Each structure stands twice: as C-alpha cells, then as structure tokens.
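So you can see what is in the structure, the chains are spelled out below.
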Amino acid sequence: MERTYNFSAGPAMLPREVLEQARDELLNWHDCGLSVMEMTHRGKDFSAIIAQAEADLRELLGVPANYKVLFLQGGATMQFAQIPLNLLAGRSADYLVTGAWSKKAFKEAQKVGSARLVATTEASNFTRLPAASELEFDPDAAYLHVCSNETVHGVEIHDLSAFRTSATIVADMSSHILSRPVDIGQYGLIYGGAQKNIGPAGLTLVIVREDLLGRAPTNLPTMLDYAVQAEHGSMLNTPPTYSIYVAGLVFQWLKKQGGLAAMEQTNIAKAKLLYQAIDNSGLYHNPVEPACRSRMNVPFTLNKPGLEELFVAEAKKQNIVSIKGHKMVGGMRASIYNAMPPQGVQALVDFMQDFERRHG
C-alpha cells in the first residue's frame, strides 16, 4: 500500500521502519509472550525499554549528567502551568511571545504566579522575531521562557544568543526537538510534546537541570513535582508505556540516520526545497521573515482567493493530507518533521507547481 504523505502538525508521520518494527513486535515483544501494551511498567522488561530510550535520547542530544530526563504526560500544554509551579519559588518569570504557543504559555503562567512580557511580535502577526531594542529582561527573573519553534506561525529561533539573559532559559521545543543538534547546557529546562518528532501522542518529554529541582512549594500536588518524578524515574504512576516504547524506536532510528547532525542537513534541504517553490511562485506566499523561518512548519497562503478548498481536495487525491493551515491563520501549512521523507516534500512541490499551472 502506498504511504500517504501526512503534513499534519501533530500527530505527525512516524518513520516507516519504526511502524514496521512496532507491528512485528506488537503481539510478542522479544519473545516474552506479551505486547508492550500489556506488560507491567514495574517489570524488568519495561524497565529495560525505558532505560534504553533514555540512554539513546541522552546520546542523541548530548544530555549532560547533571540533567534529569522525565517521561511525563499531559502534553506541552500541561507544562505551561507545571513549569512556573516548580520554578517560580515566589519570584517572577520573563516570557518572550513570538507566536500562538508562547502566548498561551504566558497566559497560563499568569494564572500561577508573576509573569512579565519581555517582548511580543503580535502586532506584526508573529511573522518575525523581536529586535534587540525591543527586549526588556528582568535581571532577577526566575527564568526566561521561549518557544524556540512556533508550530502555528512558522517562526524558529535559530540563534539563541540574540536572547541572551542572566536568567535560566526554559524552552518549548515541541515542534523541532531532535531536528538538529542542541547545546543542552544553554538551557535550564527543555520540554516538548512527543507527537511531532518524538513518537505517538500521550508522552511529554522534560529535560531539567538538577539544581532546578526541589524549588516547588510543599503544597504542590505530588504528580506535578519534577523532583518527585525524577526520584521515581518517571514512574510515580503508570507512565505512557507504549508511547515511550515507540519513542525509543524513533531514537534508535535517528541514530541509524547518522544522528542529529545528519538529520539537520536533511531538514535544511527539505525546507529549502519547499521555501524556494513558494518564493519562486506567483500563487503562493510565506509571510515570515526569511531569517527566522521554521524548518519544520511552513505556513503559506494562496494569493488568488477561493482556491483553498480546491487545493486541499486535489492534494488529497495525490496522497497529500493535513495540509490545511491552523484556524488562527488560515491558508496552508506543511509540517515537514524528521519522518517526512524528502520525496514527500518533492511530491508536495510537484503538486503545488502543477496546481499553479492549472489554476494560478
């Protein structure tokens, strides 16, 4: 059966090899007579699965020994509240708002404690990053929160040094984690939902520096306390076992591809192909300033009105699905995460060019 090219922002495509291995191991994992879905998370088999997943993730990202890796639940949205609950400790935090998700994180943090706005680019419809002259950092902030890749608006922070501050940096990397090498030491905490570049929905990854643990108030519910989760190896309660297992397969697949440096080069090539098709077109337009365009999420509009529904319908006939843009911005959006093969992006570009010849 021909694979459909799923350009959804999430849940997104998984590598075919990973799906095939998960299929082959579905009923009987490593001759234990059980599916991973069925096995206890307290047994030696699942303990081996989660330990290997963490080891492979640490290797891929170069996670230093003084950072804890947590496999949690609740999505990145849960972290919007869980982060300030754990890290504020009676202080204020700075928030950089560069798109829909950082705006939501800021609003949620304000419900929990003191959060202040460093800068926002909402007036320009989140099509750029703020200039240095627009930034107003609090030198006493508990942390600076950034969303380093905005899934909806297609804005990516490629150079963190532009937002250097004395505060600990906390980053929502949901939609581009594992797409390129990252200097983990630049951050105090990194988090992301799994359903884009990590694995199936249901798993949330948190990587947190050890000195940030133990700051939560004593009345914080136990499940929300990073220190407690770290102490119990992410198994304070039943974790999302199958999602962790599939994420582990994705980590192994990434290692086989040559790791994150090799994956970055593939992602650069895919993004370049798509952006060139848009920029060289008379029908399509991407509004984001080129210096901060996302490699993972590429929004674009059609300059000729009334063609969007036809574009989506005809794309589906070519096995190109989930191309419609987010309701906040409209238009189209192609999410080209790690598992989207180069031939999938080429198929989209070929379709776009043919559609323009016929309807542009």
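Please read all numbers here as calculations on a predicted model, not as lab measurements. Here the residue numbers are simple positions, counted from 1 along each chain's written sequence. Per-residue local features are limited, in this predicted model, to residues with pLDDT of at least 70; the limit for side-chain atom pairs, both in listing and counting, is 80 or more; totals at the level of whole chains, interfaces and linings are taken over all residues. Based on all heavy atoms of the structure, the side-chain values leave hydrogens and waters out of the count.

Engineer: Could you clarify how one ought to interpret a nonpolar patch on the surface in this entry?
Structural biologist: A cluster of nonpolar residues, Leu 26, Leu 27 and Met 37, forms a patch on the protein surface that exposes about 330 Å² of accessible area. Going along the chain from the N terminus, every DSSP run of H or I of four or more residues is numbered as a helix, and every run of E of two or more is numbered as a strand. By secondary structure assignment, the location of Met 37 is in the loop between α1 (16-24) and α2 (44-61). The buried label goes to any residue with under 20% of its type's maximum accessible area, the exposed label to any with over 50%, and the partly exposed label to all in between, with areas taken from a 1.4 Å probe on protein chains only. Classification of Met 37 as exposed rests on a relative accessible area of 53%. Nonpolar side chains (Val, Leu, Ile, Met, Phe, Trp, Tyr) are joined into patches within 5 Å and like charges within 9 Å, using only residues with over 30% relative accessible area and no salt bridge. Here the open area of atoms and residues is found with the Shrake-Rupley method and a 1.4 Å probe, where only the protein chains shown may cover a residue. When a carboxyl oxygen of Asp or Glu lies within 4 Å of a side-chain nitrogen of Lys or Arg, that pair is called a salt bridge.

Engineer: Explain the layout of surface pockets here, please?
Structural biologist: Detection works on a 1 Å grid of protein atoms alone, calling trapped sets that fit a 1.4 Å probe cavities and calling open sets with protein on both sides within 12 Å along at least five of seven lines pockets, with lining residues defined by an atom within 4 Å of a point. Grid points are joined across faces, edges and corners, and a volume is the space filled by probe spheres set on the points. Roughly 330 Å³ of internal volume is contained in the largest pocket. Together, 18 residues line the largest pocket, and Arg 16, Trp 253, Ala 339, Met 340 and Pro 341 are the ones closest to its centre. Where the lining of the largest pocket is concerned, the elements lending two or more residues are α1, α7 (259-279) and α9 (342-359). Top element by residues in the lining of the largest pocket is α7. It accounts for three residues. In terms of residue class, the lining of the largest pocket is made up of ten nonpolar, four polar and four charged. Each domain's extent is set by a domain assignment, obtained either automatically or from a database. In terms of domain composition, the lining of the largest pocket takes at least three residues from each of domain 1 (16-256) and domain 2 (259-359). Roughly 250 Å³ of volume is contained in the second largest pocket. In this classification, Asp, Glu, Lys and Arg are treated as charged, Ala, Val, Leu, Ile, Met, Phe, Trp, Tyr, Cys and Pro as nonpolar, and every other residue, Gly included, as polar.

Engineer: Looking at this model, I keep getting lost on the packing of aromatic side chains. Mind explaining?
Structural biologist: Two aromatic rings are characterised by how far apart their centres lie and by the angle between their planes. Between 30 and 60 degrees the pair is tilted, below 30 it is stacked and above 60 it is edge-to-face, where a pair is any two Phe, Tyr or Trp rings, Trp via its six-membered ring, whose centres lie within 6.5 Å. Following the criterion strictly, the structure yields eleven aromatic pairs and no others. Between the aromatic rings of Phe 311 and Phe 355, the centroid separation amounts to 5.1 Å while the plane-to-plane angle is 80°, which identifies the pairing as edge-to-face. Taken together, the residues span a long stretch of sequence, with Phe 311 in helix α8 (residues 308-317) and Phe 355 in helix α9 at a distance of 44 residues. A relative accessible area of 0% places Phe 355 in the buried class. With centroids separated by 5.8 Å and ring planes inclined at 45°, the aromatic side chains of Phe 351 and Phe 355 adopt a geometry described as tilted. In this pair, Phe 351 and Phe 355 both sit in helix α9, four residues apart, roughly one turn of the helix. The structure contains a cluster of three or more aromatic residues connected by ring pairs, namely Tyr 284, Phe 300, Phe 311, Phe 351 and Phe 355. For Lys 104, the ring lying beneath its charged end belongs to Trp 101, and the centroid distance is 4.4 Å. Ring-over charges, as used throughout, are those where CZ of Arg or NZ of Lys falls within 6 Å of the ring centre and within 35 degrees of the ring normal.

Engineer: Sorry if this is basic, but what is going on with the UniProt feature "domain: Aminotransferase class V" (unreviewed entry) in the protein chain here?
Structural biologist: Residues annotated by UniProt as "domain: Aminotransferase class V" (unreviewed entry) correspond here to residues 4-348. The straight-line gap between the two end C-alpha atoms of residues 4-348 is 11 Å; of that span, 33% is helix and 17% is strand. UniProt positions are given in the numbering used here, feature names are shortened, and annotations may be inferred rather than shown by experiment.

Engineer: Can you help me understand the environment of Thr 222 in this one?
Structural biologist: Tracing the sequence through the fold places Thr 222 in the loop between β10 (204-209) and α5 (226-231). Looking at Thr 222, the relative accessible area reads 46%, which means it is partly exposed. Sequence separation between Thr 222 and Leu 236 is 14 residues, and the spatial gap between their C-alpha atoms is 9.0 Å.

Engineer: How should I be thinking about α2 in this particular structure?
Structural biologist: Note that an α-helix has 3.6 residues per turn; residues three or four places apart therefore point the same way. The end-to-end C-alpha distance of α2 is 26 Å, a good match for the 26 Å that 18 residues give at a rise of 1.5 Å each. Considered for burial, the residues of α2 that qualify are Phe 46, Ile 49, Ile 50, Ala 53, Asp 56, Leu 57, Arg 58, Leu 60 and Leu 61. Structurally, α2 contributes buried residues whose contacts are with β2 (67-72), β10, α6 (241-256) and α7. At the exit of α2 stands Gly 62, carrying a positive phi of roughly 65°. Expected helix span is taken as 1.5 Å per residue step, with the number of steps being one fewer than the number of residues. Note on definitions: a residue-residue contact is assigned when non-hydrogen atoms from the two residues lie within 4.5 Å.

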